[in-house]
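Listed here are the chains, written in short residue letters.
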Amino acid sequence: MVQERMREAIIEGHFKPGERLVERPLCEQLGVSRTVIRETIRYLEAEGLVEILPGRGPIVATMNWQDARQIYDIRRMLETAAARTCAEQITPDRAEALRNALVQLQQGFADKTPGTLFRATADFYAEIFAGAGHHIAWGIVQRLNGRISRLRMLTLATKDRAKPGPDHMQAICTAIVSGDADAAEAAVHNHLNDTATIAERALAEEESN
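Here's a quick rundown of the structure. Please read these numbers as outputs of a predicted model, since none were measured by experiment. (Residues numbered from 1 in each chain as written. Predicted model: local features only at pLDDT ≥ 70, side-chain atom pairs only at ≥ 80, totals over all residues. Heavy atoms only, no water.)

## Some words on the packing of aromatic side chains
Formally: In summary, the pairing rule links any two rings of Phe, Tyr or Trp, Trp by its six-membered ring, whose centres are within 6.5 Å, and it sorts them by plane angle into stacked for under 30 degrees, edge-to-face for over 60 and tilted for everything else. Burial classification: accessible surface area is computed with a 1.4 Å probe over protein chains only, and a residue below 20% of its type maximum counts as buried, one above 50% as exposed, and the rest as partly exposed. In our convention, an over-ring charge means Lys NZ or Arg CZ found within 6 Å of a ring centre and within 35 degrees of that ring's normal.
The tally for this structure, following the rule as stated, stands at three aromatic pairs. With 6.3 Å between their ring centres and 40° between their planes, Trp65 and Tyr72 make a pair best called tilted. Summarising the aromatic geometry, the rings of Phe129 and Trp138 are spaced 5.2 Å apart at their centres and angled 40° between planes, so their arrangement reads as tilted. In this structure Phe129 comes out as buried when scored by relative accessible area, which is 2%. Lying across the ring of Tyr125, Arg75 places its NZ or CZ 6.0 Å from the centre.

In C-alpha cells form, the structure reads like this:
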C-alpha cells in the first residue's frame, strides 16, 4: 500500500523530479516506520523512479529523452510482437476479456483519474501479453511500468496529438479480436509513434524551463 501511494505520488507529479525524499516527513504523512519507507524507496529505485545520490540521499529520478527513447524502443519490440501473436491466437474467451478490459480503460480515460487509468491500461496490456503467451516479456514491461506511467502522464494532457489515446486503444483491440495480425502490429506502432513524439516534445520543454 505504501509503495503504491508513493509510486502514484511520483507518477502524478506530487513529488517533482529532483525533489529529495526525506524520511521523517514521509513517515508522518504515511503513518509508517522509517524501515518501511527505506524499503519502499529501494523498490522505487529498482523501478527507476528514485535515485540515491551521494551526500543527498534519495531523490525523485529525472527523466530525459535519451532514457525515454529506449523505453519506447523496448515497448515497440515487445508490444508489437505480443499484439501480433495475440491476434494470431485469438479465442472467443480472450476476445471477450480484451473487450471488457477496453471498456474499463475507456472508463479510466473518462474519469481522468491517473491511478485508475494506469491500472486499467496495465490490465488491458496484460490481456494482450497473456493471449500471446509472452509471460517473460510481460515481466520486463512490468519492471518498466513506473517509468512508462510517468511518460503516459506527460502525454495525457496533450491535445494536439494525431489521434486520441482511446482511439488508439480501440484500434488495437479491434485488430486483435478480428485476428488481423498485421493491423494489430500497425495499431501498436501508430500508438507508440504518436506518444513518443509527444513525450519528446514535452521533455524538451521541461529541460528548457
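## Describing the side chain of Glu23
Where we set the bar: Think of it this way: any DSSP run of H or I at least four residues long counts as a helix, any run of E at least two long counts as a strand, and we number them from the N terminus. In protein, a polar contact requires one atom able to donate a hydrogen and another able to accept it; more generally it is a pair of N or O atoms within 3.5 Å, and residues adjacent in sequence count only if both atoms are side-chain atoms. Here, residues are in contact when the closest pair of their heavy atoms is within 4.5 Å.
For Glu23, the position within the fold is in helix α2 (residues 23-30). In this structure the side chain of Glu23 is engaged in a polar contact, spanning 2.8 Å, whose partner is the side chain of Arg38. The contact partners of Glu23, leaving out residues within four places of it in the chain, are Arg34, Ile37 and Arg38.

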